[in-house]
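# Working through the structure, step by step
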Amino acid sequence: MTILSHAFAPLAESLQRAVFIDGRFQPSDGAPLPVTDKATGEVLGHAAIATSVDIDRAVTGAASAQRDWYRTPATERAAILRRGGEILTREAARFKDVLVREGGATGPKAEGEIAASVIEFYQAAELATTPLGEVIPSGQRGRVNLVERRPVGVVGLITAWNAPVHIAMRVLAPAIALGNAVVLKPAPETPFTGGLMLAEVLAEAGVPGGVVQVLPGGPAGPALVEHSQVDMIHFTGSEETGRRINVAAAPLLKRVALELGGNNATIVLADADVDLAARCGAASSFGHQGQVCIATGRHIVLADVAEQYVAKLSEHAAALTIGDPFVSDVDLGPMVSTRQVDKALGMLHTSVAQGARLVEGGTADGVFLRPTVVDRVHPGMPLHDEEVFAPIAPVTVVDSVDDAVAIVNGTRFGLSTSVFGRDLDTAWTVADRIRTGMVHVNDGTALHESQVPFGGTAASGLGDDLGGRSNIDLLTERRWTSLQRRSAS
Ligand code: NAD
């Protein structure tokens, strides 16, 4: 463990107690929103809780700015997005410091997230000039049918705290590339990296005032869902909030896309490379303290290799260092709150009372929860049935591939699955039977590439996937425009 020693540059005064509307940081009459270092509890600064007046001004301003922005030449939009990528690259060290502290990220996790967000800028720049439509042959003489892909309009973007920069940028960048305006409501835990600091980058890059607005605090979430000038809600967060948003948006006939939680499984087949499976399983269960939607929440292991797998997984868990990632170079940092620690430990204790066996970890010191391995976990136990969102690896041993598939498909979630097996033919056949939005053969569940569609099925999400060309489906609407030539022969 290396001790890190550098000072923390205080957050700019302009970001404090401010909302970002029409290209300017503006003081809000809303109550201050304290933002803490997740490892120490120290208050790093205050965002503002946007008021209903702020929210209405932001939405109205976005609706007006979007009309001009859509008419801005696509090459100009692309150039602004490329500049955004350059500025975020330049600011990476500053972003990393804040992300480590307000987000509870380790240094490598923060660096990876910022790098992924830079890629979102560059990919969005390419999206701005990608073909957006079709010409469809007509049944009428002299008619030309154009199917245009036009921006949805104003996108209300509501995000989670666990990867605040990337969760915002994966939608924000393609949305504005395609001519939308965005009103971003970052999670209350991470309003600086998840919103206000991004606004600085976007303003410097040349995004015109009003095209991106930032409204920290809780009330902006439901208010955006209800606002008549918000054309679409893109939400990343919990299943429970996703359901609530879907219910609120339904009577308004508002377009909604939801990226929700998962209870992702790794299947370890009898012929698996157990070293590889345990290494990837540990990385996917413990990375960012398990607070990742695509984390492995269930390890479904064929009996032939179960003992070996549990031993290796436990070795990985025991070797991981944990502590304040701003002070030392640790493998795991803090959980987002002691409430989350208590919730995870509650699920652990209930499962153990129901017959599960604690193999490694299982203790916490404040917000620091030791990476934990539990076996003899079965359907019906909370560690099996619900998203854990903590560094806990529950293992379920099965006697057959059919049992493994039945258990994996037997939840309401459908985000990511992985399958380990040396015989690719068999592993692929198993993967083929799994009903999740993403399946990885011989790697962990926690994979992401911005050019590849990302999204879940069932209770893990609703609406089009994110990423690459599927962003066009997600963030535009088709319009049929027909042109008639009267002189057609
Ligand atoms: P959360 O649902 O508590 O909050 C998410 C956001 O919704 C926050 O900004 C919050 O202020 C806002 N919100 C809360 N109530 C609202 C309402 N009624 N209307 C509108 N907005 C409201 O989720 P969280 O704890 O911040 O995030 C963790 C969850 O997010 C986990 O379940 C995780 O799996 C999921 N997640 C999913 C993905 C994905 O891509 N599928 C990515 C990251 C996180």
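Everything numeric in this text was worked out from a predicted model, so none of it was measured. (Residues numbered from 1 in each chain as written. Predicted model: local features only at pLDDT ≥ 70, side-chain atom pairs only at ≥ 80, totals over all residues. Heavy atoms only, no water.)

Moving on to the overall build of the chain. The number of helices and strands found in the chain is 15 helices and 22 strands. Over its C-alpha trace the chain gives a radius of gyration of 23 Å, about what one expects of a compact globule, namely 23 Å for 489 residues. Seen through its C-alpha atoms, the chain measures out along the principal axes to roughly 75 × 60 × 40 Å. Residues counted as buried form 56% of the 489 residues belonging to the chain. By sequence separation, contacts in the chain at least 24 residues apart represent 73% of the contacts at least 6 residues apart. As presented, the chain carries roughly 19700 Å² of accessible surface, and 52% of it is formed by carbon and sulfur atoms. Looking at charge distribution, the chain has the averaged site of its 41 positive side-chain charges lying 9 Å from that of its 55 negative ones. (Helix = DSSP H or I, 4+ residues; strand = E, 2+ residues; numbered from the N terminus. Rg over C-alpha atoms; globule rule 2.2 N^0.38 Å. Buried < 20%, exposed > 50% of the residue type's maximum accessible area, 1.4 Å probe, protein only. Contact = heavy atoms within 4.5 Å. Areas by Shrake-Rupley, 256 points an atom, 1.4 Å probe, with all protein chains shown as cover. Lys, Arg positive; Asp, Glu negative; His and termini not counted. Charge placed at Lys NZ, Arg CZ, Asp CG, Glu CD.)

For the rest of this paragraph, the subject is the site of the ligand. The immediate surroundings of the ligand are formed by 27 residues, with Thr-159, Ser-238, Thr-241, Leu-260 and Glu-387 found nearest. The separation between an oxygen atom of the ligand and a polar side-chain atom of Thr-241 is 2.7 Å. Between the ligand and Leu-260 there is a distance of 2.7 Å, counted from a nitrogen atom to a backbone nitrogen or oxygen. Here the ligand loses 85% of its free accessible area of 860 Å² to cover by the protein chains. If you tally residues by element for the shell around the ligand, the top one is helix α8 (residues 239–249), at three residues. Residue classes in the shell around the ligand are distributed as 14 nonpolar, eight polar and five charged. (Near = heavy atom within 4 Å. Polar contact = N/O pair within 3.5 Å; in protein donor to acceptor, adjacent residues only side chain to side chain. Nonpolar A, V, L, I, M, F, W, Y, C, P; charged D, E, K, R; others polar.)

The three strands are arranged β5-β6-β22 in an open sheet whose pairing can be described as antiparallel. For this open sheet the edge positions go to β5 (133–136) and β22 (476–484), each flanked by a neighbour on one side alone. Within this sheet the neighbouring strands show an average axis-to-axis angle of 20°, counted without direction. (Pairing = 2+ DSSP bridges. Axes fitted to C-alpha atoms, helices over the stretch in contact; angles between N-to-C directions.)

Turning next to the pattern of salt bridges. For the structure shown, the criterion picks out 20 salt bridges. With a shortest N-O distance of 3.0 Å, Arg-90 and Glu-91 are connected by a salt bridge. Between Arg-150 and Glu-148 there is a salt bridge, with the nearest N and O atoms lying 3.7 Å from each other. Within this structure, Arg-90, Glu-91, Arg-94, Glu-200 and Glu-204 form a network of salt bridges that share partners. (Salt bridge = Lys/Arg side-chain N within 4 Å of Asp/Glu carboxyl O.)

Turning to the environment of Ala-458, a few remarks are in order. As for its position among the elements, Ala-458 is in the loop between β20 (438–441) and β21 (461–462). With a relative accessible area of 56%, Ala-458 lands in the exposed category. With 45 residues separating them along the chain, Ala-458 and Phe-413 place their C-alpha atoms 5.8 Å apart. Dropping the residues within four chain positions of it, Ala-458 is found in contact with Arg-412 and Phe-413.

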